[in-house]
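Structural description and commentary
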Amino acid sequence: MERPFAARRALLHPLWLGSLALLALNDHVLKGAGILPGAITGKLSDFAGLVVAPALLAALLRLGSRRSLVLAHLATGAVFAAIKLSPAAARAFEALAALTPFPWQITVDPTDLMALPALALAFRVLVPAMQRPLPERPLAQRTAVVFGALACAATSEPTEPPPPCGPDFCGVTPTESGALSLGNTTEGERLVRLRPLKDSVQVDCPTLLADPESALSRELFAPAEAWLLQPGRGLPLENNDTAGCVAYLVDADGLAPTLLAWSSQKFPTQLVSTATNSDDRLMIPLSLDSNGKLSLGPHEAVFKAPALEDPPAAPGCASPGKTVGVEWSTPVPLHGPYVLESVVSSPDDCHALVLQNQSTMYVCVPGAAMPFKAGDSIAIEAFEIAGGSYPETNGEAPEGKALVLRSDTHTVLAVRGNVLARYESTDAAEPLTEPAVESELAQGCAGAHDECGSLLVPLEVSYLGAHVPSITFLRAGKSLDLADGYGTLHLVRADAMPIRDTECPPFARKSRHYESVLVVSAAP
């Protein structure tokens, strides 16, 4: 026969008593003492409270069935989640608590939900303890109820901002780890939404910091994190230790989206004040202007938000559309040779190569780079480019995909990646010296954002030395005839991507991207 539950028995269990002690110690000793970071002390109370609260609730309501104990734990978790996610729920709970001798003040912080697994621990350990045969200790159990209720009621009492420094006394200013802080200098609480850059976004800090408003796009930012800032309080803003620079998109009710950006070298990670009475350059004030509108700043890290739409690109500075490029169907019919029955070309420079006794292969290259005709016998090879020395990669590891189509009269090499098509990759029988190749950002071109928010800046490719009479500059959409049988290079795309979302296809893995085709005629 199952022994009946008695919730009061759990109140003398070591886990419950230890959690109660941790809750009291954290709230009345550790918080604000500087012994532990505020991020840790803030979460300790959540973990300890979620162990203490369900058993205490069950004892106060004298719950005695497994079903009612399950409901007590679920109710505790539901209320905790609601007040940490919803400002409206938090305000309603505060209004209810204001009717008691222990008013609460709740900070809406979705990250506090990481403490919810403590409910599972409490249920697994304390519910079985409620069935164990223990000697009745009514005085000890009543004392535990009283102290548990007091600890839970006092854990979120309203806290006043630290007292300002006076002639004879200076209050201790609370600090947390961060680079800057966002301080609420208004007289009311403010719900602030912060959007950091996505984890998949990679940035070139000099480009970002030179003009944050133009360099960034709103598509690059992650979903918002909501924070409820009390008057006189500051929210620490963290650095990205790997990027070297930081950007946030901030908005609030009554505050238009505003951009924050700074160098982590100029504002390194340190202890920053979480109170607005600290007069230093590490606090970005959230205040009301002379017209009563909410605003951020002044501060050197505050900028206008990126525009919803890019302005038109300057003449000659637009990148090719996303449908323009070098591509081929897969799987590739390997080797051959195959007899070409026909070539069907479309206006968008994609060509259907109808192969005898093989499935049709599709290749997208400029029309001038498709020299084959019906009846030609062509060999096909696809390979990846990795390793080697390619100055146009801007110091990054070479990475590219290549396709070679070879007939008796022509060899066509199509390459896409952060490298350009080169004669040496055609495996031609006649060895030739490679010309010197460099690429630089096109002068006078600020760049534009693609549909993923990545910043594309046109590149200008220069050829010098072998096979060219003088230095020659190429941009996307242009071709270059090289001497000595080297062939004709068609530059289809050439973009730098100093700020990019690496999860956005098709070519954001590297900071530079080229699509090119080299057509080499066979020697007569």
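The structure under discussion appears in the preceding block.
In what follows, the accompanying structure is described. (Residues numbered from 1 in each chain as written. Predicted model: local features only at pLDDT ≥ 70, side-chain atom pairs only at ≥ 80, totals over all residues. Heavy atoms only, no water.)

Looking now at the overall build of the protein chain. Summing up its helical and strand segments, the protein chain has eight helices and 26 strands in all. Summarising the internal contacts of the protein chain: among those between residues at least 6 apart in sequence, 68% fall at separations of at least 24. Roughly 26200 Å² of accessible area belongs to the protein chain as shown, and the carbon and sulfur atoms make up 58% of that amount. (Helix = DSSP H or I, 4+ residues; strand = E, 2+ residues; numbered from the N terminus. Contact = heavy atoms within 4.5 Å. Areas by Shrake-Rupley, 256 points an atom, 1.4 Å probe, with all protein chains shown as cover.)

Here the focus is the environment of S359. Within the secondary structure, S359 sits in the loop between β15 (350–355) and β16 (361–364). Sequence spacing of S359 and V332 is 27 residues, and the spatial spacing of their C-alpha atoms is 9.8 Å.

Of all hydrophobic cores here, the largest spans 44 residues; its most connected members are V203, L216, V461, Y463, I499 and L518. Of all hydrophobic cores here, the second largest spans 24 residues; its members include V192, L255, W262 and F267. (Core = buried A, V, L, I, M, F, W, Y, C linked by side-chain atoms within 4.5 Å. Buried < 20%, exposed > 50% of the residue type's maximum accessible area, 1.4 Å probe, protein only.)

As a further point, take the state of the cysteines. Evaluation of the coordinates by the stated rule reveals four disulfides. Between C205 and C245 runs a disulfide, and the two sulfur atoms are separated by 2.2 Å. For the disulfide bridge between C205 and C245, the dihedral angle about the S-S bond is near -90°, and by the sign convention the bridge is left-handed. Within this pair, whereas C205 is found in helix α7 (residues 205–210), its partner C245 is found in strand β7 (residues 245–252), the two being separated by 40 residues in sequence. A relative accessible area of 3% means that C245 is categorised as buried. (Disulfide = S-S within 2.5 Å.)

Let us now look at the sheet that holds strand β5 (residues 225–229). Strand order in the open sheet made by the five strands is β5-β3-β7-β8-β12, with antiparallel pairing throughout. Of all strands in the sheet, those with a lone pairing partner are β5 and β12 (302–304), marking the two edges. On average, adjacent strands in this sheet sit at an angle of 35° to one another, irrespective of strand direction. Sheet topology places β7 next to strand β8 (residues 255–263); seven bridges connect them, and they run antiparallel. Along β8, the bridge assignment pairs A252 with L255. (Pairing = 2+ DSSP bridges. Axes fitted to C-alpha atoms, helices over the stretch in contact; angles between N-to-C directions.)

Turning our attention to unusual backbone geometry. With omega at 5°, the peptide bond leading from G297 into P298 counts as cis. Its place among the elements puts P298 in the loop between β11 (294–296) and β12. At the junction of T330 and P331, the peptide bond is cis and its omega measures out at 0° in the coordinates. Secondary-structure assignment places P331 in the loop between β13 (327–328) and β14 (335–345).

Time to look at a nonpolar patch on the surface. A cluster of nonpolar side chains, namely I35, L36 and I40, defines an oily patch on the protein surface of about 260 Å² accessible area. Relative to the helices and strands, L36 is located in the loop between α1 (14–30) and α2 (38–61). Given the relative accessible area of 32%, L36 is considered partly exposed. (Patch = residues over 30% accessible without salt bridge, like charges linked within 9 Å, V, L, I, M, F, W, Y side chains within 5 Å. Salt bridge = Lys/Arg side-chain N within 4 Å of Asp/Glu carboxyl O.)

Time to look at the packing of helix α3 (residues 66–85) against helix α5 (residues 117–129). It is at 10 Å that the axes of α3 and α5 come closest, and there the two elements cross at 155°. When the axes of α3 and α5 are compared, the pair comes out roughly antiparallel. Pair α3 / α5 crosses with right-handed handedness. Contacts between α3 and α5 pair R66, L69, V70, H73, T76 and G77 from the former with L119, A122, F123 and V127 from the latter. A breakdown of the residues in the contact of α3 with α5 according to their chemical character gives six nonpolar, three polar and one charged. (Parallel < 35°, antiparallel > 145°, perpendicular 65-115°, else oblique. Left-handed = near helix turned anticlockwise from the far one by under 90°. Nonpolar A, V, L, I, M, F, W, Y, C, P; charged D, E, K, R; others polar.)

Our focus in this paragraph is the pairing of strand β18 (residues 399–406). Residues in a regular strand point their side chains to alternate faces of the sheet. Direction of pairing for strand β17 (residues 377–386) relative to β18: antiparallel, over a ladder of eight bridges. Its bridge partner being in β18, F383 is matched across the sheet by A402. Two elements, β18 and strand β19 (residues 410–417), share seven bridges in a ladder whose sense is antiparallel. Paired with L403 across the strands is A414, a residue of β19. Where β18 hands over to β19, the hairpin turn is made up of three residues, counted between the paired strands.

The four strands lie next to each other as β6-β2-β10-β11, forming an open sheet whose pairing is mixed. Taken across any chain shown, the strands that pair with only one partner, and hence form the sheet edges, are β6 (234–237) and β11. Adjacent strand axes in the sheet meet at a mean angle of 20°, parallel and antiparallel pairs treated alike. Here four bridges tie strand β2 (residues 180–184) to β6, and the two strands are oriented antiparallel to one another. Of the residues in β6, the one forming a bridge with S181 is P236.

Let us look at the side chain of D501. Among the structural elements, D501 can be located in strand β25 (residues 487–501). For D501, a relative accessible area of 5% gives the class buried. Among the polar contacts made by the side chain of D501, one reaches the main-chain amide nitrogen of E503 at a distance of 3.1 Å. (Polar contact = N/O pair within 3.5 Å; in protein donor to acceptor, adjacent residues only side chain to side chain.)

By secondary structure assignment, the location of T488 is in strand β25. A distance of 2.6 Å separates the side chain of T488 from the side chain of D481, its partner in a polar contact. If we skip the residues at most four places from it in the chain, T488 touches S479, L480, D481, V517, L518 and V519.

Okay, the packing of aromatic side chains next. Per the stated rule, a full pass over the model turns up two aromatic pairs. For the pair Y248 and W262, a centre-to-centre distance of 5.9 Å together with 25° between the ring planes defines the contact as stacked. Pair noted here: Y248 is in strand β7 and W262 is in strand β8, with a separation of 14 residues, a long-range link. With respect to burial, Y248 and W262 carry one shared label: buried. Cation over ring: R416 sits above W328, and NZ or CZ is 4.3 Å from the ring centre. (Phe/Tyr/Trp six-rings, centres within 6.5 Å; stacked < 30°, edge-to-face > 60°. Lys NZ or Arg CZ within 6 Å of the ring centre and 35° of its normal.)

Geometric values such as these leave the question of function open.
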